[in-house]
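Residue-level listing of the chains:
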Amino acid sequence: MQKGIIGKKIGMTQIFDEKGNVVPVTVIEAGPCVVVQKKTVENDGYEAVQFGFGDVTPKHVNKPQQGHFAKADVAAKRTLREFRFDDCSALNLGDIVKADTFAVGDHVDVVGISKGKGYAGAIKRWNHSRLKETHGSGPVARHAGSLGACSSPSRVFKGMKAAGHLGVERVTVQNQAIVKIDVENNLIAIKGAIPGPRGGIVVVSDSVKA
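Every value quoted in this text rests on a predicted model; they were computed, and no experiment measured them. (Residues numbered from 1 in each chain as written. Predicted model: local features only at pLDDT ≥ 70, side-chain atom pairs only at ≥ 80, totals over all residues. Heavy atoms only, no water.)

1. Observations regarding the overall build of the chain
Step number 1: Of regular secondary structure, the chain possesses three helices and twelve strands.
Step number 2: Referenced to the eigenvectors of the C-alpha coordinate spread, the extents of the chain come out at roughly 70 × 50 × 35 Å.
Step number 3: Expressed as a percentage of its 210 residues, the buried residues of the chain come to 34%.
Step number 4: In the chain, of all internal contacts separated by at least 6 residues, the share reaching a separation of at least 24 is 71%.
Step number 5: Summed over its atoms, the accessible surface of the chain is roughly 13,100 Å², and 50% of this surface lies on carbon and sulfur atoms.
Step number 6: Of the side-chain charges in the chain, 29 are positive and 20 negative, and the distance between the mean point of each set is 14 Å. (Helix = DSSP H or I, 4+ residues; strand = E, 2+ residues; numbered from the N terminus. Buried < 20%, exposed > 50% of the residue type's maximum accessible area, 1.4 Å probe, protein only. Contact = heavy atoms within 4.5 Å. Areas by Shrake-Rupley, 256 points an atom, 1.4 Å probe, with all protein chains shown as cover. Lys, Arg positive; Asp, Glu negative; His and termini not counted. Charge placed at Lys NZ, Arg CZ, Asp CG, Glu CD.)

2. Some remarks on the confidence of the model for the chain
Step number 1: Residues with a pLDDT of 70 or more make up 98% of the chain, whose mean pLDDT is 87.
Step number 2: Least confident of the elements in the chain is helix α1 (residues 41-44), whose mean pLDDT is 85; most confident is strand β8 (residues 118-120), at 94. (pLDDT = per-residue confidence, 0-100.)

3. So, the sheet that holds strand β3 (residues 33-39)
Step number 1: Spatial strand order, β5-β4-β3-β6: four strands in an open sheet with antiparallel pairing. Either end of the sheet is taken by a strand with one partner, and the two such strands are β5 (77-83) and β6 (96-97).
Step number 2: One ladder, built from two bridges, connects β3 with β6; its direction is antiparallel. Looking across to β6, one finds that V34 is bridged to I96.
Step number 3: Contacting β3, β4 (48-55) and β5, helix α2 (residues 63-72) runs over the sheet at an angle of about 95° to β3. (Pairing = 2+ DSSP bridges. Axes fitted to C-alpha atoms, helices over the stretch in contact; angles between N-to-C directions.)

4. Comments concerning the pairing of strand β1 (residues 4-16)
Step number 1: Here five bridges tie β1 to strand β12 (residues 201-205), and the two strands are oriented antiparallel to one another. Within β12, the position partnered with I5 by the bridge is V204.
Step number 2: Linkage of β1 to strand β2 (residues 22-30), two consecutive antiparallel strands, is achieved through a turn of five residues, within which G20 is found at a positive phi near 85°.

5. Overview of the packing of aromatic side chains
Step number 1: Within the structure shown, the criterion is met by three aromatic pairs.
Step number 2: Seen from their ring centres, F83 and F85 are 5.8 Å apart, and the 15° between their planes marks the pair as stacked.
Step number 3: Residue F83 is classed as buried on the basis of its relative accessible area of 0%.
Step number 4: Within the aromatic cluster, the residues linked to one another by ring pairs are F51, F83 and F85.
Step number 5: When the ring centre of Y46 is taken as origin, the NZ or CZ atom of R84, which lies over that ring, is 4.2 Å away. (Phe/Tyr/Trp six-rings, centres within 6.5 Å; stacked < 30°, edge-to-face > 60°. Lys NZ or Arg CZ within 6 Å of the ring centre and 35° of its normal.)

6. Here's the deal with the nonpolar core
A general tendency of soluble globular proteins is for nonpolar side chains to be buried together.
Step number 1: Core analysis: the largest hydrophobic core is formed by 27 residues, its most contacted members being F51, V110, I188, I190 and V204.
Step number 2: Those elements giving two or more residues to this core turn out to be β1, β2, β3, β4, β7 (107-113), β10 (170-182), β11 (187-191) and β12.
Step number 3: Sequence-distant contacts of V110, defined by excluding residues within four places in its chain, comprise I28, V171, T172, V173, I190, I194, V202, V203 and V204.
Step number 4: V34, V36, A72 and V74 belong to the second largest nonpolar core, which has eight residues in total. (Core = buried A, V, L, I, M, F, W, Y, C linked by side-chain atoms within 4.5 Å.)

7. Some thoughts on the side chain of N186
Step number 1: Relative to the helices and strands, N186 resides in the loop between β10 and β11.
Step number 2: Residues in contact with N186, not counting those within four places in the same chain, are I28, E29, A30, G31, P32, K98 and A99.

8. A short note on a negative patch on the surface
Step number 1: Taken together, the side chains of E42, E47, D86 and D87 make up a negatively charged region of the molecular surface.
Step number 2: Here D86 is to be found in the loop between β5 and β6.
Step number 3: You can call D86 exposed: its relative accessible area is 67%. (Patch = residues over 30% accessible without salt bridge, like charges linked within 9 Å, V, L, I, M, F, W, Y side chains within 5 Å. Salt bridge = Lys/Arg side-chain N within 4 Å of Asp/Glu carboxyl O.)

So this is what it looks like as structure tokens:
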């Protein structure tokens, strides 16, 4: 059965495995999530379930969303995400999904929003090489250099890798192993670094569209 959950990045730490090796992990508060909506082929053209995560004061939810939550008879949630499982029959409105839906050793994909890094140059943003700082390169060692727009075509093509805004974009880390699960506190430890700032929302799934 396919699995998925919404969570919040707590931060990074390290744990020791049974052989005494240090394993860097990212700790995620995974759920609890509630099933807010089920989509069917008959009504929507595809099968999916919508999870809600994080309580929010009802007055901070607009009226269309209030009706959406009332229809499912669940409390208002701060974050909603949709998971396209091949088989959604095991989930019904109001069902609670917790961290124990996963097991140690599962490999998952994690989707998050990267940290904002502000306005960055071409070297930091695109990993460009810099010029030598000797033999006349002057004060332009970290500049982007010529963009190649001569008299023809007299313009810079779209998509040119240049300086600009870096970060705050959707990032997916694939095939990461779950190292430890704390069912009581709904925490899962995933090996390696997971995108996003501390406290950022992430989606954990076993390679499903979310």
